[in-house]
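Descriptive analysis of the structure
What follows is the residue order along each chain.
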Protein chains: 2
Amino acid sequence: MVHVGGVTVTGRSVAQNAQLALLLEVSGTPKPGNVDREREYDDLRFEHFMAGAVGARSGLDQAAAGDSIGPAFETAVEGMAGQSGGNTQFGALLVLTPLVATAADGRLSPSGADAVVRETTVEDAAAFYRAFEHVDVAVDDPPDGLEPLDVRRGSDAVPELRARDMALFDVMESSADIDGVAAEWVSGFERVFEASEWLLDRSGPVANRASEVFLELLAAEPDTFVVTRQDRETAEEVQERAQAVLDGDGDATDLAEEFVRRDINPGTTADLVAGSLFVALERGLDV
Amino acid sequence: MVHVGGVTVTGRSVAQNAQLALLLEVSGTPKPGNVDREREYDDLRFEHFMAGAVGARSGLDQAAAGDSIGPAFETAVEGMAGQSGGNTQFGALLVLTPLVATAADGRLSPSGADAVVRETTVEDAAAFYRAFEHVDVAVDDPPDGLEPLDVRRGSDAVPELRARDMALFDVMESSADIDGVAAEWVSGFERVFEASEWLLDRSGPVANRASEVFLELLAAEPDTFVVTRQDRETAEEVQERAQAVLDGDGDATDLAEEFVRRDINPGTTADLVAGSLFVALERGLDV
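How each quantity is defined
Residues numbered from 1 in each chain as written. Chains lettered and ligands numbered in written order. Predicted model: local features only at pLDDT ≥ 70, side-chain atom pairs only at ≥ 80, totals over all residues. Heavy atoms only, no water. Helix = DSSP H or I, 4+ residues; strand = E, 2+ residues; numbered from the N terminus. Rg over C-alpha atoms; globule rule 2.2 N^0.38 Å. Buried < 20%, exposed > 50% of the residue type's maximum accessible area, 1.4 Å probe, protein only. Contact = heavy atoms within 4.5 Å. Buried area = accessible area lost by both parts, 1.4 Å probe. Salt bridge = Lys/Arg side-chain N within 4 Å of Asp/Glu carboxyl O. Axes fitted to C-alpha atoms, helices over the stretch in contact; angles between N-to-C directions. Parallel < 35°, antiparallel > 145°, perpendicular 65-115°, else oblique. Left-handed = near helix turned anticlockwise from the far one by under 90°. Nonpolar A, V, L, I, M, F, W, Y, C, P; charged D, E, K, R; others polar. Least-squares fit on C-alpha atoms with pLDDT ≥ 70 in both. Polar contact = N/O pair within 3.5 Å; in protein donor to acceptor, adjacent residues only side chain to side chain. Phe/Tyr/Trp six-rings, centres within 6.5 Å; stacked < 30°, edge-to-face > 60°.

A look at the overall build of chain A
- A tally of helices and strands in chain A yields 15 helices and 2 strands.
- For chain A, whose C-alpha radius of gyration is 18 Å, the value lies close to the compact-globule estimate of 19 Å for 287 residues.
- For chain A, the spread of C-alpha atoms along the three principal axes comes to 55 × 45 × 35 Å.
- In chain A, which comprises 287 residues, the share counted as buried stands at 59%.
- Considering only intrachain contacts with a sequence separation of at least 6, the fraction spanning at least 24 residues in chain A is 68%.

What follows is the structure, given as structure tokens:
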């Protein structure tokens, strides 16, 4: 390991840090409602996340090598999907891919990331749509007027993307108010960068910090994946319950057991944690 | 995923399967005495194994690409060591590297692996010795007359290796009676291949199978890492206690808690499990 300005920098490459971020994210325990080291669902298990992180690596390598974000993301998703648990890290990869490209380009900052996502093209959007053909992802119905661009159409929607000249950034912008990952894309990954500072400021095992930061993010805003799979009311309850744990009025492990029982998975918040772990690792978080 | 002759074969490469084997090994819980998903040591944590598996990948890629086993192993160890927990997977990589080379060569069988390790050279042995400079590994004193070849001498021992014309296979042969991984090298990886069949024959989550197979291997022979760090008496007690759990006279989780408390880590048995997971994945173990 090399020490630069008091910060420990390991010899890991950008893509290796992204893969490690995926693995550390799921290692954070407890992480109420999501798969963690001590909780899993019968059909979505810890081991599926291990295999997902192994498979995603080629796409992350592609992004680090300067390939376009859309195709790199599609490769990552296709590799991630090579296990029997289904969608493990689709959202996390959607956060990580542009951040990997930004870091490999030596400009890992909110403005750097913002510039990278604004450079995306219609071809990136087409690859993003094709990625939905590799794995089932729970998504909302599209807003009125955007039915032809329903992501569930996969590559069938590509002619419509071209007709409307929609770049991947435009696609994200169109769902930024209903999807927490898309919201990051259009805000310079604001919450991801903020949470990376929380990770760096804390001490102790990284997995514990990831679990704590997850709870803080969860308490700050409703998780859009919960809105999609359940409803806004449930997402707001989840947010309040997370805040209660932070206030000392509840136990994180009890909450984790309850959310798993109720099949409430705040997956978008987990995606943001994966992104913030990556940024923190790039900035010297020591594992 | 492609189905060949009833066996599910994912699109993972040989090196990806080896990396996944490292991750699944540490995901097996309980695994009495070793780091698992629910137990860790203050200075050797689950997250260190995640980072170790990420870092080891370049060396595994090297072995899969047909590079010599010694240098590939050294690269894997150097990458594995890029985390603050110290030695996480040295022994597992010593099992995996020749198996990866064998699998990449399309001859993954005991006789194929035997042929591969017998082809190793003095240069492989030199790289193996250099690998000890990247990380602290608990080892026994060398047998009488082999002090100049103490692995703890690292590259200082290389002239002696050359003088004696010792290939890596010869080095392993010289410690096969005191080291369970070396014993695999000189026996066509007999226990690894046998345990891979146990993994394939069982059903249920792979992490559970890994934990069960760990216990079976532990009950079958004394763990040489326990002999090294404690003594033969302790290793035999560990073996008996594992057998008692298999016989229904004890609980695996209680045993795990006790061994962690007593700092008894049957690490060699874990190395064999990593190897057997790799062979099983190559042979179609579905994750």
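Observations regarding the interface of chain A and chain B
- Taken together, the contact pairs 29 residues of chain A with 29 residues of chain B.
- In total, chain A and chain B occlude about 2,500 Å² of area from one another, counting both sides; carbon and sulfur atoms represent 58% of this.
- When the buried surface of chain A facing chain B is broken down by residue, R37, E47 and V54 of chain A rank first, second and third, together holding 26% of it.
- For the pair chain A and chain B, the number of links is 2 salt bridges.
- Taking the shortest distance from any N to any O, the salt bridge between E40 of chain A and R37 of chain B comes out at 3.4 Å.
- Elements represented by at least two residues in the side of chain A that touches chain B include exactly helix 1 (14-27), helix 2 (46-64) and helix 11 (206-220) of chain A.

What about the packing of helix 11 of chain A against helix 15 (residues 267-282) of chain A?
Residue and element names in this part refer to chain A.
- Interaxial distance between helix 11 and helix 15 falls to 9 Å at its minimum, and their mutual angle equals 130 degrees. As summarised for this structure, helix 11 and helix 15 are arranged oblique, according to the angle between their axes. Viewed along their axes, helix 11 and helix 15 form a crossing whose handedness is right-handed. Here V206, A210, F214, L217 and L218 of helix 11 come into contact with helix 15, specifically with T269, A270, L272, V273 and L277.
- Looking at the contact of helix 11 with helix 15 residue by residue, the class counts come to 9 nonpolar, 1 polar and no charged.

Regarding the relation of the copies chain A and chain B
- Rotating chain A by 180 degrees and translating it 0.0 Å along the rotation axis places it on chain B, where the RMSD comes to 0.0 Å. Put plainly, the chains are arranged around a two-fold axis. Residue R37 of chain A of chain A places its C-alpha closer to the rotation axis than any other residue of that unit, at 2.8 Å.
- Looking at chain A, 100% of its interface residues are interface residues in chain B too, so the copies touch through the same face.

Quick look at the pattern of salt bridges
- Applying the stated rule across the entire model yields 49 salt bridges over all chains.
- R107 of chain A is the partner of E119 of chain A in a salt bridge, and the nearest nitrogen-oxygen pair spans 3.4 Å. Of this pair, E119 of chain A sits in the loop between helix 5 (110-118) and helix 6 (122-131) while R107 of chain A sits in the loop between helix 4 (90-104) and helix 5, placing them 12 residues apart in sequence.
- The partly exposed category is assigned to R107 of chain A, whose relative accessible area is 28%.
- Taking the shortest distance from any N to any O, the salt bridge between E258 of chain B and R241 of chain B comes out at 2.6 Å. Of this pair, E258 of chain B sits in helix 14 (residues 252-261) while R241 of chain B sits in helix 13 (residues 232-246), placing them 17 residues apart in sequence.
- By relative accessible area, E258 of chain B is classed as buried at 17%.

Focus on the environment of L94 of chain B
Residues and elements named next belong to chain B.
- Mapped onto the elements of the fold, L94 is located in helix 4 (residues 90-104).
- Exposure remark for L94: the relative accessible area of 7% places this residue in the buried category.
- In this view, L94 contacts F73, F128, M172, V181 and W185; residues no more than four positions away in its chain are not counted.

Considering helix 6 (residues 122-131) of chain B
All names here are of chain B.
- Where burial is concerned, most of helix 6 is hidden: 8 out of the 10 residues are buried.
- Tucked inside the fold, the buried residues of helix 6 contact helix 3 (69-80), helix 4, helix 7 (158-164) and helix 8 (168-174).
- Of the residues that open helix 6, the one with a side-chain oxygen 3.2 Å from the backbone nitrogen of E123 is T121.

What to know about the side chain of R39 of chain B
Residues and elements named next belong to chain B.
- As for its position among the elements, R39 is in the loop between helix 1 (14-27) and helix 2 (46-64).
- For R39, a relative accessible area of 5% translates into the label buried.
- Within the local environment of R39, its side chain forms a polar contact with the side chain of E257, the two groups lying 2.6 Å apart.
- Beyond its immediate sequence surroundings of up to four residues, R39 is in contact with T29, P30, N34, T253, A256, E257 and V260.

Quick look at the packing of aromatic side chains
- The full count for this structure, using the stated rule, is 15 aromatic pairs over all chains.
- Between F90 of chain B and F128 of chain B, the aromatic rings sit 6.4 Å apart at their centres with planes inclined by 55 degrees, giving tilted as the arrangement. With F90 of chain B in helix 4 and F128 of chain B in helix 6, this pair connects stretches of sequence that are 38 residues apart. By the burial criterion, F90 of chain B is buried, and F128 of chain B matches it.
- For the ring pair W185 of chain B and F189 of chain B, a centre distance of 6.5 Å and an interplane angle of 50 degrees mean the geometry is tilted.
- Residue class for W185 of chain B comes out buried when judged on its relative accessible area of 0%.
- Overall, F189 of chain B belongs to the buried group, its relative accessible area being 0%.
- Feature note: the residues F73, F90, F128, Y129 and F132 of chain A constitute an aromatic cluster, connected by ring pairs.

So, the packing of helix 10 (residues 190-201) of chain A against helix 11 of chain A
All names here are of chain A.
- Taken N-terminus to C-terminus, the directions of helix 10 and helix 11 make an angle of 140 degrees; their axes are 10 Å apart at the nearest point. Relative to helix 11, the element helix 10 is oriented oblique. Helix 10 and helix 11 meet at a crossing whose hand is right-handed. Judged by residue contacts, R191, A195, W198, L199 and L200 of helix 10 engage R209, A210, V213, E216, L217 and A220 from helix 11.
- A class-by-class count of the residues in the contact of helix 10 with helix 11 yields 8 nonpolar, no polar and 3 charged.

Interpretation note: all reported values are geometric properties and have no functional meaning in isolation.
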